[in-house]
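Observations on chain architecture
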Amino acid sequence: MGFFSRLFSKTEKQQSSVEERTVLNIQVGDIITYDLADYEVVGKITYRDGSYEWFSYQLLEGDTTKWLAAEMDDELELGIYETVQMPVQMPYPKQLTHEGKTFYKDEEGEARVTGEGRSKNINGRTTRYAEYVSEDEETYLSLESWGSEVEASTGYDIEPYEIKIIAGSK
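Conventions used here
Residues numbered from 1 in each chain as written. Predicted model: local features only at pLDDT ≥ 70, side-chain atom pairs only at ≥ 80, totals over all residues. Heavy atoms only, no water. Helix = DSSP H or I, 4+ residues; strand = E, 2+ residues; numbered from the N terminus. Buried < 20%, exposed > 50% of the residue type's maximum accessible area, 1.4 Å probe, protein only. Polar contact = N/O pair within 3.5 Å; in protein donor to acceptor, adjacent residues only side chain to side chain. Contact = heavy atoms within 4.5 Å. Phe/Tyr/Trp six-rings, centres within 6.5 Å; stacked < 30°, edge-to-face > 60°. Pairing = 2+ DSSP bridges.

1. Thoughts on the side chain of Thr127
- Examined against the element boundaries, Thr127 turns out to sit in strand β8 (residues 126-134).
- By relative accessible area, which is 1% here, Thr127 ends up buried.
- A distance of 2.7 Å separates the side chain of Thr127 from the backbone oxygen of Ser145, its partner in a polar contact.
- In this structure, Thr127 is in contact with Tyr47, Gly109, Glu110, Ala111, Val113, Glu144, Ser145 and Trp146, ignoring residues within four places of it in sequence.

Have a look at this one:
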């Protein structure tokens, strides 16, 4: 086998090893196209509550950060979330109001997390979470405790066809 044969055959083997991406195996460094914008995946959080697992991907485009939430419940559920400023303390209340909209607690629990990329600083920690839904069931409010701080984000459902995933170089 000549030099060029070996050179090109290695390149082909390396390219074929890239795993096809789905919303349940997105990696840091991938590109997500959503709503006419290309976002780089800069962080990934895997949550585990018992045997149940779900993911949040931190998406960055310029100064805009969004979170793509993905979980396989009875069916695939996807949502786009943005962090909001909201003073909330534990224990989490039964209902919350944000920007004139009332949200009702739908579920609450505790999850161990694995963080990658910009989220690696929370790797191995536990968070107390709560999910709220608006009365019209169109908007969601998510709370997560990180030590004494509670982070809030609001979001809405999207369909899988609304995003395109381009595998990064890894």
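2. Concerning the packing of aromatic side chains
- Applying the stated criterion across every chain, the model contains 4 aromatic pairs.
- Pairing Tyr47 with Trp54 gives two aromatic rings, centres 5.2 Å apart and planes at 5°, and the pair type is stacked. We note that Tyr47, like Trp54, is buried.
- Aromatic side chains Trp54 and Tyr129 sit 5.2 Å apart centroid to centroid with 70° between the ring planes, which places their arrangement in the edge-to-face category. One end of the pair, Trp54, is in strand β3 (residues 52-61); the other, Tyr129, is in strand β8, and 75 residues separate them in sequence.
- Given a relative accessible area of 6%, Tyr129 falls into the buried group.
- Grouping aromatic residues by their ring pairs yields a cluster made of Tyr47, Tyr52, Trp54 and Tyr129.

3. So, the pairing of strand β2 (residues 37-49)
- The pairing of strand β1 (residues 31-34) with β2 spans 4 bridges and is classified as antiparallel. Each residue of the ladder has a partner; that of Tyr34, found in β2, is Ala37.
- Taking the residues between adjacent antiparallel strands as the criterion, β1 and β2 are bridged by 2 residues, where Asp35 takes a positive phi near 55°.
- Here β2 runs beside β3; their pairing, made up of 9 bridges, is antiparallel. The residue of β3 that forms the bridge with Ile45 is Ser56.
- Where β2 folds back onto β3 in an antiparallel hairpin, the turn is made up of 2 residues, including Gly50, whose phi is positive at roughly 65°.
- Where β2 meets strand β7 (residues 101-117), 6 bridges bridge the pair, whose relative direction is antiparallel. Each residue of the ladder has a partner; that of Tyr47, found in β7, is Val113.

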